[in-house]
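# Coordinate inspection notes
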Amino acid sequence: MTEISKNCSDMSNASSTYLGIAGGAIIGGIVSWWIYNRQNRTAVQQDKILGRIEKLEENHSDILKKLADFDDKHESSFGAIQELDKKIDILLKKFQDGPE
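These lines cover the structure that appears in this document, whether it is placed above or below.

## Here's the deal with the overall build of the chain
Within the chain, the secondary structure is distributed over one helix and zero strands. When the accessible area of the chain is evaluated, it comes to approximately 9600 Å², of which 61% is carbon and sulfur surface.

## Quick look at a negative patch on the surface
Negative charge collects at one region of the surface, where Glu 54, Glu 57, Glu 58 and Asp 62 lie side by side. Among the structural elements, Glu 58 can be located in helix α1 (residues 13-97).

## Things to note about a nonpolar patch on the surface
On the surface, Ile 27, Val 31, Trp 33, Trp 34 and Ile 35 cluster together into a nonpolar patch covering about 550 Å² of accessible area. Mapped onto the fold, Val 31 is located in helix α1. Its relative accessible area of 41% is what places Val 31 among the partly exposed residues.

So, how was this worked out
Residues numbered from 1 in each chain as written. Predicted model: local features only at pLDDT ≥ 70, side-chain atom pairs only at ≥ 80, totals over all residues. Heavy atoms only, no water. Helix = DSSP H or I, 4+ residues; strand = E, 2+ residues; numbered from the N terminus. Areas by Shrake-Rupley, 256 points an atom, 1.4 Å probe, with all protein chains shown as cover. Patch = residues over 30% accessible without salt bridge, like charges linked within 9 Å, V, L, I, M, F, W, Y side chains within 5 Å. Salt bridge = Lys/Arg side-chain N within 4 Å of Asp/Glu carboxyl O. Lys, Arg positive; Asp, Glu negative; His and termini not counted. Charge placed at Lys NZ, Arg CZ, Asp CG, Glu CD. Buried < 20%, exposed > 50% of the residue type's maximum accessible area, 1.4 Å probe, protein only.

In structure tokens, the structure reads:
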């Protein structure tokens, strides 16, 4: 390659092709690495977010189960209060009617 010498005033077509290929490979490699690195960081962040969403879903399921249990207990307590209300009404009615 005569282009390496100090007295060179012009490049040959082959040398400019090789230089273009080398420059393109370097630029392509840098751009490819940058895209890969960016996508990798994005994937890591998405995995973290998905993990947090899964934990929230688990907590949500636990809360729903606790609410269902509370609702069942509330229904049974409400039924017992209604029975007591009926019994109190019967006793009050007997008390108002007087002893027979």
